[in-house]
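What follows is the residue order along each chain.
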Amino acid sequence: VNDQSFNQSAWEGLQKAKKDLGVKVSYQESKQDADYQANLETLYDAKNDLIWGIGFKMADAILKAAKQNPKQKYAIIDFSFGDKTPPNVVGVMFKAEEGAFLAGYIAAKMSKTHTLGFVGGMNVPIIHAFQFGYKSGATYADPKVKFLEQFAESFTDAAKGKAITNQMFLKGADVVFHAAGGVGDGVIEAGKEQNKMVIGVDRDQNYLAPKNVITSSMKRVDNAIYHVVEGLKKGEFSG
């Protein structure tokens, strides 16, 4: 809940719902993927009206829990079960490529080296939306722009994010955008130490390095969560 980006944004949405709508909120933190099922069971046993899974990695666990407990309402961020969506599940998807397009446009206009970096958390479709949006926006602004791209294969390893970003700076990138959760803390730290430009994700991350984070591609998971909870309070739940 304090990863400065994705999970924190989700928790902020629930806290706003608590404040504005008077709902009770809580969370279970998963240290590893194996914790998902047990944590969902804990939240089910606590008789929550709605249980959220934050992130596509929870898709299998949410689906299994929803089938086991057909009267319990579930919601998941960044995953759609498409035609196979159970009636007790809401999948929340974002047009992340649109915000990333604007981030890429800004990056290319700010760059003096015509070389941009992209650090992704994992090599998966959700992150590709940020990656391709960013590249499209940058190329639209500067057709000659070059890209350095790498996936950290983690959403938590800040040290790896820092190492990847420092390598990109050495290779001539002067703006690096991350879509990598906690890995991004390292990306921003590298920007701060090398006095280079970086672009945040999910939330406004400027406060982490005010002179270096030139903008953020804000996904606003908090608004999405608040919107679904608000609907549920009114008796609306479009599973």
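Provided above is the structure to which this section pertains.
What you see is a predicted model; the values in this text were computed from it and never measured.

Draft legend 1. Main features of the packing of helix α6 (residues 158-170) against helix α7 (residues 183-194). Across the interface, α6 lies against α7 with an axial gap of 6 Å and an inter-helix angle of 45°. The angle between α6 and α7 falls in the class oblique. Crossing angle aside, the handedness with which α6 passes α7 is right-handed. Mapping the contact onto sequence places A158, G161, K162, T165, N166 and F169 in α6 and V183, D185, G186, V187, E189, A190, G191, E193 and Q194 in α7. Grouping the amino acids of the contact of α6 with α7 by side-chain chemistry returns 5 nonpolar, 6 polar and 4 charged.

Draft legend 2. Inspection of the environment of T85 at higher detail. Mapped onto the elements of the fold, T85 is located in the loop between β2 (73-77) and β3 (89-92). For the pair formed by T85 and A179, sequence separation is 94 residues and the distance between their alpha carbons is 27 Å. At a separation of 2.7 Å, a polar atom in the side chain of T85 contacts the main-chain carbonyl oxygen of G82.

Draft legend 3. View of the pattern of salt bridges. In total, this model carries 9 salt bridges according to the counting rule given. The partner of R203 in a salt bridge is E12, and the shortest N-O contact between them spans 2.9 Å. Of this pair, R203 sits in the loop between β7 (197-201) and β8 (213-217) while E12 is found in helix α1 (residues 6-21), placing the two residues 191 residues apart along the sequence. Across the salt bridge formed by D78 and K219, the nearest N and O atoms sit 2.8 Å from each other. Of the two residues, D78 is situated in the loop between β2 and β3 and K219 in the loop between β8 and α8 (221-233); the sequence distance between them amounts to 141 residues.

Draft legend 4. Inspection of the nonpolar core at higher detail. Core analysis: the biggest nonpolar cluster contains 24 residues, and L116, F118, I127, F130, Y134, F177 and I199 have the highest contact counts within it. At 6 residues, the largest contribution of residues to this core is made by helix α5 (residues 125-141). If sequence neighbours within four positions are ignored, I199 has contacts with A103, A107, Y134, V175, V176, F177, H178, I214, T215, S216 and S217. One finds F6, A10, V229 and F237 within the second-largest nonpolar core, a separate group that totals 19 residues.

Draft legend 5. Fine view of unusual backbone geometry. In this model, Q4 sits at a positive phi of 70°, which is unusual for a non-glycine residue. Structurally, Q4 is set in the segment before α1. Residues other than glycine seldom take positive phi values, yet N195 does so here, at roughly 55°. As for its position among the elements, N195 is in the loop between α7 and β7. Its relative accessible area of 59% is what places N195 among the exposed residues.

Draft legend 6. Fine view of the side chain of T115. With respect to the helices and strands, the residue T115 is situated in strand β4 (residues 115-120). Once you skip the residues sitting within four places of it in the chain, T115 turns out to touch K146, L148, K171, G172, A173, D174 and V175.

Draft legend 7. Region of interest: the side chain of S216. Mapping S216 onto the fold places it in strand β8. Taking relative accessible area as the criterion, S216 reaches 14% and is therefore assigned buried. Side-chain polar atoms of S216 contact the backbone nitrogen of Q205, separated by 3.0 Å. Once you skip the residues sitting within four places of it in the chain, S216 turns out to touch I199, G200, V201, R203, D204, Q205 and N206.

The rules behind these values
- Residues numbered from 1 in each chain as written.
- Predicted model: local features only at pLDDT ≥ 70, side-chain atom pairs only at ≥ 80, totals over all residues.
- Heavy atoms only, no water.
- Axes fitted to C-alpha atoms, helices over the stretch in contact; angles between N-to-C directions.
- Helix = DSSP H or I, 4+ residues; strand = E, 2+ residues; numbered from the N terminus.
- Parallel < 35°, antiparallel > 145°, perpendicular 65-115°, else oblique.
- Left-handed = near helix turned anticlockwise from the far one by under 90°.
- Contact = heavy atoms within 4.5 Å.
- Nonpolar A, V, L, I, M, F, W, Y, C, P; charged D, E, K, R; others polar.
- Polar contact = N/O pair within 3.5 Å; in protein donor to acceptor, adjacent residues only side chain to side chain.
- Salt bridge = Lys/Arg side-chain N within 4 Å of Asp/Glu carboxyl O.
- Core = buried A, V, L, I, M, F, W, Y, C linked by side-chain atoms within 4.5 Å.
- Buried < 20%, exposed > 50% of the residue type's maximum accessible area, 1.4 Å probe, protein only.

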